[in-house]
Amino acid sequence: MEVGSLTLEELKKKAIDLRESAVTMVYKAQSGHPGGSLSAADFVTALYFNEMNIDPENPDWEDRDRFVLSKGHVAPIQYAALAHKGFVPLETINTLREYKSPFQGHPDSKKCPGIDISTGSLGQGLSCAVGMALGGKLDEKSYRVFAVLGDGECQEGQIWEAAQSAVKYELDNLVVFVDDNGLQIDGPTEEIMPNGDLEKKFEVFGFETNRINGHSMEEVLEALDQVRDAKNGKPKCIICNTVKGKGVSFMENVVGWHGKAPNEEQYELAMEELARGLNV
Amino acid sequence: MTVMNLKSNEKKATREAFGDEIAELGKNKNILVVDADIGGSCKTTKFMNAFPKQHVNVGIAEQNAAGLAAGLATTGKIPFVSTYAVFGSLRMAEQIRQEVCYPNLNVKIACSHGGLTPANDGGSHQAIEDMGVLRTFPNMKVIMGADYHSTRKLVKQAAEIYGPVFLRFTRDTIPIIYDENEEFEIGKAKQLKDGKDIALIANGDTVHLAIQAAEILENKGISVKLLDMHTIKPIDREAILECIEIGKIVTVEDHNIINGLGSAVSEIVAEQGEGIVRRVGVQDQFGESAPYEKLLEINGITVENIVNKAEEIL
Ligand SMILES: Cc1ncc(C[n+]2csc(CCOP(=O)(O)OP(=O)(O)O)c2C)c(N)n1
Ligand SMILES: [Mg+2]
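Below: a short report on this structure.

1. Regarding the side chain of Lys-244 of chain A
Residues and elements named next belong to chain A.
Item 1. Mapped onto the secondary structure, Lys-244 falls in the loop between β5 (236-241) and α10 (264-275).
Item 2. One buried charged side chain, Lys-244, makes no salt bridge at all; its nearest oppositely charged neighbour is Asp-151, positioned 6.3 Å away.
Item 3. Separated by 2.8 Å, the side chains of Lys-244 and His-258 make a polar contact.
Item 4. Every residue in contact with Lys-244, bar those within four places of it in the chain, is listed here: Gly-35, Gly-36, Ser-39, Asn-181, Leu-183, Gln-184, Met-251, Glu-252, Asn-253 and His-258.

2. Let's talk about the layout of surface pockets
Item 1. Empty space within the largest pocket amounts to approximately 790 Å³.
Item 2. If you go around the largest pocket, you meet 44 residues; those closest to its centre are His-33, Ile-185 and His-258 of chain A together with Ile-38 and Tyr-84 of chain B.
Item 3. Residue composition of the lining of the largest pocket, grouped by class: 10 nonpolar, 20 polar and 14 charged.
Item 4. Size it by volume and the second largest pocket reaches roughly 510 Å³.
Item 5. Within the residue set of the lining of the second largest pocket, elements represented by two or more residues are α5 (125-138) of chain A together with α5 (85-91) of chain B.
Item 6. When residues in the lining of the second largest pocket are grouped by element, the largest group, 4 residues, is from α5 of chain B.
Item 7. Among the residues making up the lining of the second largest pocket, the classes are represented as 6 nonpolar, 16 polar and 6 charged.

3. Examining the packing of helix α1 (residues 8-29) of chain A against helix α4 (residues 75-85) of chain A
All names here are of chain A.
Item 1. As a packed pair, α1 and α4 sit with axes 8 Å apart at the nearest point and diverge in direction by 120°. Comparing the axis directions of α1 and α4 gives the class oblique. As for how α1 packs across α4, the hand of that crossing is right-handed. Residues Asp-17, Leu-18, Arg-19, Ser-21, Ala-22, Met-25 and Val-26 of α1 form the contact with α4, whose participating residues are Pro-76, Ile-77, Tyr-79, Ala-80, Ala-81 and His-84.
Item 2. Of the residues assigned to the contact of α1 with α4, the class counts are 9 nonpolar, 2 polar and 2 charged.

Cut-offs and rules
Residues numbered from 1 in each chain as written. Chains lettered and ligands numbered in written order. Predicted model: local features only at pLDDT ≥ 70, side-chain atom pairs only at ≥ 80, totals over all residues. Heavy atoms only, no water. Helix = DSSP H or I, 4+ residues; strand = E, 2+ residues; numbered from the N terminus. Buried < 20%, exposed > 50% of the residue type's maximum accessible area, 1.4 Å probe, protein only. Lys, Arg positive; Asp, Glu negative; His and termini not counted. Salt bridge = Lys/Arg side-chain N within 4 Å of Asp/Glu carboxyl O. Polar contact = N/O pair within 3.5 Å; in protein donor to acceptor, adjacent residues only side chain to side chain. Contact = heavy atoms within 4.5 Å. 1 Å grid on protein atoms, 1.4 Å probe; cavity = no way out; pocket = protein on both sides within 12 Å on 5 of 7 lines; lining within 4 Å. Points joined across faces, edges and corners; volume = space filled by probe spheres on them. Nonpolar A, V, L, I, M, F, W, Y, C, P; charged D, E, K, R; others polar. Axes fitted to C-alpha atoms, helices over the stretch in contact; angles between N-to-C directions. Parallel < 35°, antiparallel > 145°, perpendicular 65-115°, else oblique. Left-handed = near helix turned anticlockwise from the far one by under 90°.

Worth remembering: the numbers are spatial, not functional.
Encoded structure:
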């Protein structure tokens, strides 16, 4: 098992590679969700290429770390990670949303290796992550569970039902990332349904919380360092300040790029910009 | 009325019909829309812009939307909760049961992305059991129009009658079948054609397939009775009894063959103790990402298969 084999610079480059693949997927499918894929790209890269104990050769390995994409619509970024990691052939990125593709519109654990549970209906994934973490505790296993939530998704009541159970069962093997990009489908989260202070909310529920710049690979890695060995009986929550569409200027912070595919010209522009790297 | 030909080639998604009609209905100050962060997609933006005070967006919180709508209804409002069919039937199912249907409140659940129409989103988003689930709630009416014009009429009527109604729309475009002046009545099947050898009963986005199948059968010299059963509850018992007189029935729906139109028709046929039914619809399997037409084909929801099923029992 190789963990921590990439340098910081290589990780940053990898996050760009994943962004390129995610945007390419959506372009080829002419359908899918680029905005929230790009905002989640950096911490998803850190998890898949530096943190998680996983084995592409043995995707169902029972001691593996688990990953739950609770905001399942951003499947393209997870698919990019799985393809680059070798869970599926790289060419699979040309088949997003096609008949018989492992890359379904939303993650499907029956069709794609490396997907620990199917998601797509918002608000439900965190409960599943809690169950996985509790199962690990019951079996005295040392694996951890990582869940990714959207800021809009945190409006679902079930998120808070899951949160209270994670606290009750002292699931310090659970790490929740909130991709706080400030936008949902109908507009800015602040306008559609304000979340209030998400960090405080998770904290009063009993989580160990942290808020970071979700596009700074350094901050993401540091935050992961902090929670790695914190066996203090508390579930962890890392709230990431992010920009929806990050890395493609015309998609950045634009509500309309939530679930829209670029045309040819936009696609080429996006690829050019991504090749230049991120402004963090 | 004779079988409409589909020559006009005009197509429209029925979610557009909801959007256009609700924007008219908003002139009544008691009509409200309760959105759950997919107003753009469910076509309520026009309503929101025209009647901002009558528009509520609860964010991504469907269960809250249903309960909140029930509360609004107790104050004399007529809320239309707008979301995708999979969430509007299943995520809020118990809130609809306990707080809308049980107290029999005047709440309408208006859902886009019915059936297999959210095709490339995949199985998680395709609502194949929505009408069936809601059909089992007492007081609930369950409706899916077959085209843009009929859907507008049915939405309008849903606003006019008292009580819970579930309305289901297509995400994708489907052919326009009816003239815009055609009238529709909730609970009353629309007869597109009378006949004496076989009855085809379809609803929603499959009616145009049944029309084409009827044409093929007629060309083979088979006399077809064709019904658009837009309301599966309360089902038009009289119309089904007439089909039972013919004795041979094929039902067609973009829904699981369990508990949808086919089941509703079969219940009456079984009670009568005569007649035979073949059900065309989703074969009790989850969908997947694929073009909409491909998904229909996988399930045998095709003109060819409707003809085959009819010939099987003729
Ligand atoms: C239960 C449920 N309701 C509605 C949707 C439709 N939907 C898909 S994405 C989305 C907005 C998500 O916003 P957010 O959680 O902030 O995600 P991000 O900004 O990262 O894309 C909505 C409402 C859904 N998938 N599931
Ligand atoms: Mg967001």
